[in-house]
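Observations on the three-dimensional arrangement
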Amino acid sequence: VTGVSIDTRTLIPGDLFVALKDKRDGHEYVEEAFKKGAAAAVIDKKLNKRFEMPLILVSNVMESFRYLAKAARKRSKGKFIAVTGSAGKTSTKEMLKVAFSKKYSVHVTEKNFNNELGVNLTLSNLYPDIDYVIIEIGMNSRGEISPLSKIVSPDVAIITSIGQSHLENLKNVQNIMNEKIDICDGLKKNGTCLIPGDFKFFKKLKKEMVKRKIK
């Protein structure tokens, strides 16, 4: 296995295909995955068809996918940067990639795959000897950022901005701010968080950071 894939449309020969159940059931695409060169497939239910390639039967595909991500994070020797914010996440990640790539090996979130699936996929495809890992973390509802931050365990967390992009779910800017600060929940000891100085409620933000003893 040379990589991990959850989508046959972007699968590269040698990938481990993880048959997740989301809007579609990945088990229906195992045959296509093997036709495209998958090295093996992770499944959690027996399939009607026999395959010559290896099938790894687990109790829960999503849980196993999380274990893959956690294992990759644990063996990595690189420095991790986690990026969140109401706007500017992807462009900040791309700028950091360009800057660090001049001198170091860099692994980043593809496109804007910043939800749980995207974060786990980014980590699962991580090689141990990468110097810098830059991971974008997004959210739609309260409580989504914290568990992802804990998996990433960043050395540096960045909050690009705090705006009104999720008011329909979080009701007010205070709740959005609290959710963004959760990027620090997995921050390593002696880690640093960069925060936006031009935020309207900067004093409240800074006070909350001090309260949480975040550098």
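How each quantity is defined
- Residues numbered from 1 in each chain as written.
- Predicted model: local features only at pLDDT ≥ 70, side-chain atom pairs only at ≥ 80, totals over all residues.
- Heavy atoms only, no water.
- Salt bridge = Lys/Arg side-chain N within 4 Å of Asp/Glu carboxyl O.
- Helix = DSSP H or I, 4+ residues; strand = E, 2+ residues; numbered from the N terminus.
- Buried < 20%, exposed > 50% of the residue type's maximum accessible area, 1.4 Å probe, protein only.
- Pairing = 2+ DSSP bridges.
- Axes fitted to C-alpha atoms, helices over the stretch in contact; angles between N-to-C directions.
- Contact = heavy atoms within 4.5 Å.
- Parallel < 35°, antiparallel > 145°, perpendicular 65-115°, else oblique.
- Nonpolar A, V, L, I, M, F, W, Y, C, P; charged D, E, K, R; others polar.

1. A look at the pattern of salt bridges
Applying the stated criterion across every chain, the model contains 16 salt bridges. The closest approach of N and O atoms between Lys45 and Asp25, which form a salt bridge, is 2.8 Å. With Lys45 in the loop between strand 3 (40-43) and strand 4 (55-57) and Asp25 in the loop between strand 2 (15-18) and helix 1 (30-35), this pair connects stretches of sequence that are 20 residues apart. Given a relative accessible area of 38%, Lys45 falls into the partly exposed group. Notably, a salt bridge pairs Lys49 with Glu31, separated by 2.6 Å at the nearest N-O pair. Placement of the pair is Lys49 in the loop between strand 3 and strand 4 and Glu31 in helix 1, with a sequence separation of 18 residues. Looking at Lys49, the relative accessible area reads 45%, which means it is partly exposed. On the accessibility criterion, Glu31 (31% relative accessible area) is partly exposed. One salt-bridge network, held together by shared partners, links Arg142, Glu179, Asp182, Asp185, Glu208 and Arg212.

2. Things to note about the sheet that holds strand 4
Pairing within the open sheet is parallel, and its 4 strands lie in the order 1-2-3-4. The open sheet has two edge strands, strand 1 (3-5) and strand 4, and neither has a second partner. Adjacent strand axes in the sheet meet at a mean angle of 25 degrees, parallel and antiparallel pairs treated alike. Taken together, the 3 bridges between strand 3 and strand 4 define a ladder with parallel strand orientation. Counted as the bridge partner of Val42 is Ile56 from strand 4. In this fold helix 2 (residues 61-75) packs onto strand 1, strand 2 and strand 3, with an angle of close to 145 degrees to the strand it touches most, strand 2.

3. Quick look at unusual backbone geometry
In this structure, Lys111 takes a positive phi of about 50 degrees despite not being glycine. A residue is classified by how much of its surface remains accessible, and Lys111, at 57% relative accessible area, is exposed. At Ser153, a position not held by glycine, the phi torsion is positive, near 50 degrees. Along the chain, the position of Ser153 falls in the loop between helix 5 (145-152) and strand 8 (156-159).

4. Topic: the packing of helix 4 (residues 116-124) against helix 5
At a minimum axis distance of 11 Å, the contact between helix 4 and helix 5 shows a crossing angle of 5 degrees. Comparing their axes, helix 5 and helix 4 come out roughly parallel. Along its contact with helix 4, which presents Glu116, Val119, Asn120 and Leu123, the element helix 5 presents Leu148, Ile151 and Val152. Residues belonging to the contact of helix 4 with helix 5 are distributed by class as follows: 5 nonpolar, 1 polar and 1 charged.

5. Re the sheet that holds strand 5 (residues 79-84)
Overall, parallel pairing links the 5 strands, which are arranged 6-7-5-8-9 in an open sheet. Where the open sheet ends on each side, the last strands, each with one partner, are strand 6 (106-108) and strand 9 (192-194). In this sheet, adjacent strand axes meet at a mean angle of 15 degrees when their direction is disregarded. When strand 8 meets strand 9, the two strands line up parallel, connected through 3 bridges. Bridging across to strand 9, Ala157 finds its partner in Cys193.

These figures capture arrangement, not role.
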